[in-house]
Structure formats: structure tokens, C-alpha cells
Amino acid sequence: MKVSIIGGGGLVGSCAAFALQTGGIVREISLLDVNADLAAGQALDLLHGGPSIADQVINSGGYEHIPSSDVICITAGLRRKPDESRLDLINRNVDLFVTILDAVKQAGPKPDAIVVVVSNPVDVLTYLAADRLGLPATQVIGLGTQLDTIRFRSLIAQELGAPPTQVKALILGEHGDSMVPIWSSATIAGLPIDKYPGWNANLANQLFTRTKGSGAEVIRGKGGAGFAVGVAIQDVIEAIALDSRQVLPVSSVQNGCYNIRNVALSVPTVVGRCGVVDRLEVELWPKEMQGLRNSGNVLRQTVETVLARVGRG
């Protein structure tokens, strides 16, 4: 399997490439970036480590890699300027993203290629990609709340002294302010989370608040998230490569799950070689359901604002 990462020279793209290298599952990793020298440098650095990790082809270049790619991962994006409004940033990122989508479409992706959208606002851009690329919507997946979910699990584990891999908890909805923590199905080592020693409602609120602010917390500390988002991208791409049918909280255009339509957001999604295999409408508490639908309404307003500017594909 060949994975091309657009924005592969940047922090997120290069961390995704490194995670995919250490996973050893995909056969070829190609780094594409507007800064060709940076992408080439990242590819060379990865190439040097190959003998100790996996037998893979690692290279860099431009959109000539798209026609032979099985997965096209888009991480390119712009950072927020001081005093810039959220909508201004969205408009700038949308304009950049549309030029990338047009270039991908012109290059001619495989009919069964899967597009993984990481750039923010990820749910809005996932909807745009599904609308403009001419691929089936099930072949366009946004990273969505997969990153928020593993952040959430890591913080719960740290606070309770539990093994991180045994903490199971989901965040659904928007990758943003209206994200929804799903406490109703959260477990540690198979035990309902509210039965675990040290658990209380106040702690639950604190952990979710910190999760929601985790991106900003990492930016303050090191300038931008890299390692965890790289791992989250690896989770999704390896589920595609292995056709493992993993259930992941990723974003895709909804057509009726939880009665949500015409917007991309994260629900429990079965991910395999053909992209979105299925969506699981697991039972939620009423307040969780309400939060998820609210998330859909918030995102739909932003999508309509964006579409009014750039038009449909």
C-alpha cells in the first residue's frame, strides 16, 4: 500500500510518516509539500532509519505520486494569526484546501483511493473533500475526534493510575468546541468507569475540560501537536491498509446516523480497505445525543457559510 502525505514536510505530516514507518504496515510513504526541500529532507531522515525498522520505499515529490497512491493524507494547513477570528482562519484554510483538492483531482487519483483529511477545521474540510473530489463519500475520512479520543483516554489513565491501553472511552461530534464526551460506555479493564477506584463526577468534568483544551496546551508548550496526531493518523491508515474493520471515532459525511445528515462529524465508524464500511448507532445517554445533534447543527452553519463562499464542487 502506498500512502502520500500532502503537507509531509510539516510537523504533523512528518510525525504521521514516522508513525507509519515504525508501524511497518504500509509499503511506500511519499511526502509532498509546497516546500519541496523540506519534504525531501524529512524523507531522507526517515530513509536513514529504515534498516532498523522496516523494508519500505520512502520518497518525496509532487502530485505525480497521486495516481499510484492508495491513501492520500492531507495535513497541509495554516496557523492562526494573532487577533485573527476563527472564521477568518477557516476561510484562509478553505482557500488553501480547495487548491489542494483541485490539484489532487487533476492528478487523477485511483477510483478506490481513500482520502484522509487531517487539516483543520477537519469536519468542514472533510465535507468539502467529499463534495469536490468526485470520489464516493465513503472514501473520504476525516481524522475527526480520533485524536481527541486518545488524548481523553491518556488523561483518564494518568489521573487514575490505570494502564492507558485498558482505558476505553470515546469523544464524538465536532473536532472542536462542541465535541461530546461519551461517558455512558466508558470502561477501564472492562469495568464501568464510574465503578473504578477514585472516580467521581467532578473529576470527569476536569478531565473533559483538559482534553478539550489539550491542543492549545501542547501549542503553548512546543508550538504544535505532532507525536499524538501522527499516532492517530496511523490508527486510521493502518485500519484501511489491513482492512481490520476497526471501530474508530472518525469524521465522514453523515446520511442518517443518529438522524444527522448533510454534515461531516465523528460517530463510531467501521474503517476498512474501502473507507467507511459502516457506522454504529450505539445507544447514548439523552444528554450525549443532544450534544451530538448540537454539534451537527454548529458544523452545518459553518459548512453553509463556507459553501456560500466557494460554491459546490
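Overview of the structure. (Residues numbered from 1 in each chain as written. Predicted model: local features only at pLDDT ≥ 70, side-chain atom pairs only at ≥ 80, totals over all residues. Heavy atoms only, no water.)

### Considerations on the overall build of the protein chain
So, step 1. When helices and strands are counted, the protein chain shows nine helices and twelve strands.
So, step 2. Taken over C-alpha atoms, the radius of gyration comes to 19 Å for the protein chain, in line with the 20 Å a tight globule of 313 residues would show.
So, step 3. The burial tally for the protein chain puts 52% of its 313 residues in the buried class.
So, step 4. Sequence separation of at least 24 residues holds for 71% of the intrachain contacts in the protein chain that already meet a minimum separation of 6. (Helix = DSSP H or I, 4+ residues; strand = E, 2+ residues; numbered from the N terminus. Rg over C-alpha atoms; globule rule 2.2 N^0.38 Å. Buried < 20%, exposed > 50% of the residue type's maximum accessible area, 1.4 Å probe, protein only. Contact = heavy atoms within 4.5 Å.)

### Some points on the packing of aromatic side chains
So, step 1. As enumerated under the stated definition, the model contains two aromatic pairs in all.
So, step 2. Positioned over the ring face of Phe227 is Lys222, at 4.2 Å from the centre of the ring. (Phe/Tyr/Trp six-rings, centres within 6.5 Å; stacked < 30°, edge-to-face > 60°. Lys NZ or Arg CZ within 6 Å of the ring centre and 35° of its normal.)

### Some details on the layout of surface pockets
So, step 1. What the second largest pocket holds in volume is close to 380 Å³.
So, step 2. As for the second largest pocket, its lining consists of 19 residues, and the residues nearest its centre are Gln146, Arg153, Val247, Leu248 and Pro249.
So, step 3. Looking at the lining of the second largest pocket, the elements that each hand over two or more residues are α5 (146-160), β7 (167-172), α8 (227-241) and β10 (246-255). (1 Å grid on protein atoms, 1.4 Å probe; cavity = no way out; pocket = protein on both sides within 12 Å on 5 of 7 lines; lining within 4 Å. Points joined across faces, edges and corners; volume = space filled by probe spheres on them.)

### Examining the packing of helix α1 (residues 11-23) against helix α2 (residues 36-49)
If you want to describe how two helices pack, look at the angle between their axes and the distance between the axes.
So, step 1. Contact geometry for α1 and α2: axes closest at 11 Å, N-to-C directions at 20°. With respect to each other, α1 and α2 are oriented roughly parallel. α2 is crossed by α1, and the crossing has right-handed handedness. Of α2, the residues touching α1 (which contributes Ser14, Ala17, Phe18 and Gln21) are Gln42, Leu46 and Gly49.
So, step 2. Grouping the amino acids of the contact of α1 with α2 by side-chain chemistry returns three nonpolar, four polar and no charged. (Axes fitted to C-alpha atoms, helices over the stretch in contact; angles between N-to-C directions. Parallel < 35°, antiparallel > 145°, perpendicular 65-115°, else oblique. Left-handed = near helix turned anticlockwise from the far one by under 90°. Nonpolar A, V, L, I, M, F, W, Y, C, P; charged D, E, K, R; others polar.)

### Here's the deal with the side chain of Gln139
So, step 1. Its place among the elements puts Gln139 in the loop between α4 (122-132) and β6 (140-142).
So, step 2. For Gln139, a relative accessible area of 10% puts it in the buried group.
So, step 3. Contact partners of Gln139, with chain neighbours within four places excluded, come to Pro111, Asp112, Ala113, Ile114, Val115 and Cys274.

### With respect to the environment of Asp70
So, step 1. Within the secondary structure, Asp70 sits in the loop between β3 (57-61) and β4 (71-74).
So, step 2. For Asp70 and Thr187, which are 117 residues apart along the polypeptide, the C-alpha to C-alpha distance reads 35 Å.
So, step 3. The residues touching Asp70, leaving out its near neighbours within four places in the chain, are Met1, Lys2, Lys110, Asp112, Ala113, Ile114 and Arg273.

### Let's talk about the pattern of salt bridges
So, step 1. Under the defined criterion, the tally for this structure stands at nine salt bridges.
So, step 2. Residues Asp95 and Arg309 are paired through a salt bridge, measuring 2.9 Å at the closest nitrogen-oxygen approach. With Asp95 in helix α3 (residues 86-107) and Arg309 in helix α9 (residues 286-310), this pair connects stretches of sequence that are 214 residues apart.
So, step 3. Under the relative-accessibility criterion, Asp95 is labelled partly exposed at 34%. (Salt bridge = Lys/Arg side-chain N within 4 Å of Asp/Glu carboxyl O.)

### A word on α2
So, step 1. If you check α2, its first and last C-alpha atoms are 20 Å apart, about what 14 residues at 1.5 Å a residue would give, namely 20 Å.
So, step 2. Within α2, burial applies to Ala39, Ala43 and Leu46. Here the buried residues of α2 occupy an arc of 65° about the axis, which is enough to place them on one side. Within α2, the exposed residues directed more than 90 degrees away from the buried face are Asp37, Asp45 and His48. (Expected span 1.5 Å × (residues − 1). Arc of directions from axis to C-beta.)

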